[in-house]
Amino acid sequence: MGSRQVTSWHGKNVTVAGLGVSGISAARALAGLGASVTVVDGGDSEGHRARAAELGELGISVRLADAHTLPEGTDLVVTSPGWKPDSPLFAAAAEAGVEVVGDVEIAWQLRGENAAPWLAITGTNGKTTTTQMLASILRAAGLRTAAVGNIGTPIVDVVLDEGAYDVLAVELSSYQLHWAPSLRAHSAAVLNLAPDHLDWHGSMEAYAADKGRIYEGNTVACVYNVADKATEDLVVAADVEEGCRAIGFTLGAPGPSMLGVVDGILVDRAFVQDRQKNAQELAHVEDVNPPAPHNIANALAAAALARAFGVEPRAVRDGLRDFRPDAHRVAYVDEVGSVVYIDDSKATNTHAAEASLAAFEPVVWIAGGLAKGATFDELVRRSAKRLRGVVLMGADRALIAEALARHAPEVPVVDLDRTDTGAMLAAVREAARLAEPGDTVLLAPACASMDMFANYNKRGDAFADAVRELAAGSAADTAQA
């Protein structure tokens, strides 16, 4: 790796699209390296103006309420992840022959001579959890690391802190990969592929192709999901360094060059001597928190990347034991009346919801919200046998109701036609009414939250609050009895 060319940015006119966290990070970094930076953003709120004033003190120009016009003399556009490829700003850049890249590409270009290698992760679902698991494993191995990219500290800030890390666990969205043409990871994983963000990418093929960029130029391992052939197809199509290996992960017994599960033990048949005959124990299923099937798959992917980096088996076990998932990701809330309540508000699409439903049986399912163009027939058909009942809420709940009528007509459904602040409490009470002792009430909406809540975190908080209120009422009833 060559050393950072600081002088290459002097006098370069860079336009940064977006005044969010990643945009501000890129603007600050490039201005500090001598570039002339202009930030453009369509917003003009009090918060926008405050951030613009802070950047102005660093000599960075900010244009608010103007996301379409390409500043005159622009040499490079650096975009924030959410900006669509067909944005007018990018059309103007293309017409002017100006390259558009993302903050991940800038971070890759800014790495120093002794830059930490990147272990990169993408997929429709499970990216954040797997990246955090990987970071926990790397820390257990005594390595200096951070979970960065689509989570945590902006990746540009991390790479500028040269020498602070031995290796980075990097979560990358399809948006970020789209704008990162020169990224070349040490090893990378695509966890799964399912239709998502198609309004941004335009087609499933384009979405998959952007995910597949994560494998380009890998040097040691391309990790794929044995149960999801599309991920292996991306490995086959990738142009990698000589000697880079395809490593599968599976919930079943692994073949050679795979990681999998045998008798409740996570085992490695990839990074061992004589992998045709031998397997290395890494951890027990009970070491994974929570030990739901999709989360065990996440753990295997994280373990594969760690092993590709040379981490010892004991560190895999210790890192998985130390890991605690973020809130709203298959999170245990409480048990009320012998019924367990689980918050998976992060399940904002059908693929995530199906994985969540597969972890429990019988289930009273709370679902609904903004469908984002999704259909629900396959989700309902595959999950119908697990359902004790369903409580629907949100703007597009009728789409789920219609799928239930087609594929699970015997399952009782409560349709909540309300969007007020008390709707979640009503949903939890209806779910409690449908549930029987030993059941699980699962919030896995399969939809985005913005029709009723600011984000999935707020939706999950509302669910947890409602469960606590339900528990308090149950305790009061018991005391009175």
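Heads up: these notes are all about the structure in this document. Owing to the predicted nature of the structure, the values given are computational and were not obtained by experimental measurement. (Residues numbered from 1 in each chain as written. Predicted model: local features only at pLDDT ≥ 70, side-chain atom pairs only at ≥ 80, totals over all residues. Heavy atoms only, no water.)

### What to know about the nonpolar core
Nonpolar side chains in soluble globular proteins tend to end up buried together. Counted only if it meets this: In plain words, nonpolar cores are sets of buried Ala, Val, Leu, Ile, Met, Phe, Trp, Tyr and Cys residues tied together by side-chain atoms within 4.5 Å. Each residue is assigned to one of three classes by its accessible area relative to the maximum for its type, calculated with a 1.4 Å probe on protein chains only: buried under 20%, partly exposed between the two thresholds, exposed over 50%.
Among the nonpolar cores identified, the biggest contains 53 residues, and Trp9, Val78, Ile106, Trp118 and Tyr215 are the most heavily contacted of them. Of all hydrophobic cores here, the second largest spans 40 residues; its members include Ile121, Ile137, Leu138 and Phe249.

### Notes on the state of the cysteines
Two cysteines whose sulfur atoms are joined by a covalent bond form what is called a disulfide. Stated precisely, the cut-off is as follows: Throughout, disulfides are identified as pairs of cysteine sulfur atoms within 2.5 Å of each other.
Here the structure, examined in full by the defined rule, presents zero disulfides. Between Cys222, a free cysteine, and Cys244, which holds the nearest cysteine sulfur, the sulfur-to-sulfur gap is 3.8 Å. Here Cys222 falls in the buried class, since its relative accessible area comes to 2%.

### Side note on the sheet that holds strand S1 (residues 13–17)
This is how the line gets drawn: Only when DSSP finds a minimum of two bridges between them are two strands counted as paired. What counts as a helix is a DSSP run of H or I of at least four residues, what counts as a strand is a run of E of at least two, and both are numbered from the N terminus. Here, axes are lines fitted to C-alpha atoms. For helices the fit covers the stretch in contact, and angles between N-to-C directions go from 0 to 180 degrees. Should any heavy atoms of two residues lie within 4.5 Å, those residues are counted as being in contact.
Taken in spatial order, the five strands of this open sheet run S3-S2-S1-S4-S5, and their pairing is parallel. Since the sheet does not close on itself, it has two edges, and those belong to strand S3 (61–64) and strand S5 (99–102), each with one partner. Shown here is a sheet whose adjacent strand axes are inclined to one another by a mean of 25°, direction ignored. One ladder, built from five bridges, connects S1 with strand S2 (residues 36–41); its direction is parallel. Directly across from Thr15, in S2, lies its bridge partner Thr38. Where helix H2 (residues 46–56) meets the sheet, its contacts fall on S2 and S3, and the angle it forms with S3 comes to roughly 165°. Lying over the sheet, helix H4 (residues 103–110) contacts strand S4 (76–79) and S5, oriented at roughly 85° with respect to S5.

### Digging into the environment of Glu312
Within the secondary structure, Glu312 sits in the loop between helix H11 (293–308) and helix H12 (313–322). For Glu312, a relative accessible area of 54% puts it in the exposed group. Separated by 169 residues in sequence, Glu312 and Leu143 have C-alpha atoms that sit 12 Å apart.

### Regarding the sheet that holds strand S16 (residues 339–343)
Strand order in the open sheet formed by six strands is S15-S16-S20-S17-S18-S19, and the pairing between neighbours is mixed. Of all strands in the sheet, those with a lone pairing partner are strand S15 (331–336) and strand S19 (413–415), marking the two edges. For this sheet, the mean inter-axis angle between neighbouring strands, taken without regard to orientation, is 15°. For S16 and strand S20 (residues 440–443), the ladder comprises four bridges, and the chain directions are parallel. For Asp343, the partnering residue across the bridge sits in S20 and is Leu443. Packed onto the sheet, helix H15 (residues 397–407) meets strand S17 (363–367), strand S18 (387–392) and S19 and runs at close to 155° relative to S18.

### Description of the environment of Ala185
On the secondary structure map, Ala185 appears in the loop between helix H7 (174–178) and strand S9 (187–190). Judged by relative accessible area, Ala185 falls into the buried class, the value being 1%. It is 5.1 Å that separates the C-alpha atoms of Ala185 and Asn218, two residues lying 33 residues apart in sequence. Residues in contact with Ala185, not counting those within four places in the same chain, are Trp108, Trp118, Ala120, Glu216, Gly217, Asn218 and Thr219.

### Section: the packing of helix H5 (residues 127–140) against H12
As a reminder, the rule being used: For classification purposes, an angle smaller than 35 degrees is called roughly parallel, one larger than 145 roughly antiparallel, one from 65 to 115 roughly perpendicular, and anything else oblique. The hand of a helix crossing depends on one turn: near helix anticlockwise from the far one by less than a right angle means left-handed, and clockwise means right-handed. When residue character is reported, Ala, Val, Leu, Ile, Met, Phe, Trp, Tyr, Cys and Pro are called nonpolar, Asp, Glu, Lys and Arg charged, and the others, Gly included, polar.
Where H5 meets H12, the closest approach of the two axes is 7 Å, and the angle between their N-to-C directions is 125°. Comparing the axis directions of H5 and H12 gives the class oblique. Handedness of the crossing formed by H5 with H12: right-handed. In this structure, H5 uses Met133, Ser136, Ile137 and Ala140 to contact H12, whose residues at the interface are Ala315, Val316, Asp318, Gly319, Leu320 and Asp322. Looking at the contact of H5 with H12 residue by residue, the classes come out as six nonpolar, two polar and two charged.

### Comments concerning the pattern of salt bridges
Where we set the bar: Salt bridge criterion: a side-chain nitrogen from Lys or Arg within 4 Å of a carboxyl oxygen from Asp or Glu.
In this structure the tally under the stated criterion is 20 salt bridges. For Arg213, the salt bridge identified is with Asp210, shortest N-O distance 3.3 Å. With relative accessibility at 32%, the residue Arg213 sits in the partly exposed group. Overall, the relative accessible area of 6% leaves Asp210 in the buried class. Between Arg386 and Glu361 there is a salt bridge whose closest N-O contact spans 3.3 Å. Here the residue Arg386 occupies a position in the loop between helix H14 (377–383) and S18, and Glu361 occupies one in the loop between helix H13 (350–357) and S17, the gap between them amounting to 25 residues. For Glu361, a relative accessible area of 49% translates into the label partly exposed.

### What about unusual backbone geometry?
For the bond running from Asn289 to Pro290, omega is -10°, close enough to zero to count as cis. Looking at the element boundaries, Pro290 is found in the loop between strand S14 (280–284) and H11. Residues Glu361 and Pro362 are joined by a peptide bond in cis, for which omega reads -10°. By secondary structure assignment, the location of Pro362 is in the loop between H13 and S17. Although it is not a glycine, Ala65 sits at a positive phi angle of roughly 55°.

### Things to note about the packing of aromatic side chains
Under the convention used in this document: Two rings from Phe, Tyr or Trp (for Trp, the six-membered ring) form a pair when their centres are within 6.5 Å of each other. A pair whose planes differ by under 30 degrees is stacked, one over 60 is edge-to-face, and the rest are tilted. Only lysine NZ and arginine CZ atoms are considered, and such an atom sits over a ring when it is within 6 Å of the ring centre and within 35 degrees of the ring normal.
Scanning the model with the defined rule gives three aromatic pairs in all. Taking 4.9 Å as the distance between ring centres and 80° as the angle between the ring planes, the aromatic pair formed by Trp108 and Trp118 counts as edge-to-face. Of this pair, Trp108 sits in helix H4 while Trp118 sits in strand S6 (residues 118–122), placing them 10 residues apart in sequence. We note that Trp108, like Trp118, is buried. Lying across the ring of Trp108, Arg111 places its NZ or CZ 3.4 Å from the centre. Its end group placed over the ring of Tyr456, Lys346 keeps NZ or CZ at 5.5 Å from the ring centre.

### Some points on the pairing of strand S13 (residues 265–268)
In S13, alternate side chains face the same way, and those of Ile265 and Val267 on one face and Leu266 and Asp268 on the other are all buried. Where strand S12 (residues 258–262) lies against S13, four bridges are found, and the strand directions are antiparallel. Residue pairing in the sheet places Val262 in a bridge with Ile265 of S13. Once S12 ends, the chain turns through two residues before running back antiparallel as S13, passing Asp263 with a positive phi of about 50°. Where S13 lies against S14, four bridges are found, and the strand directions are antiparallel. When the bridges of S14 are listed, Asp268 appears paired with Gln280.

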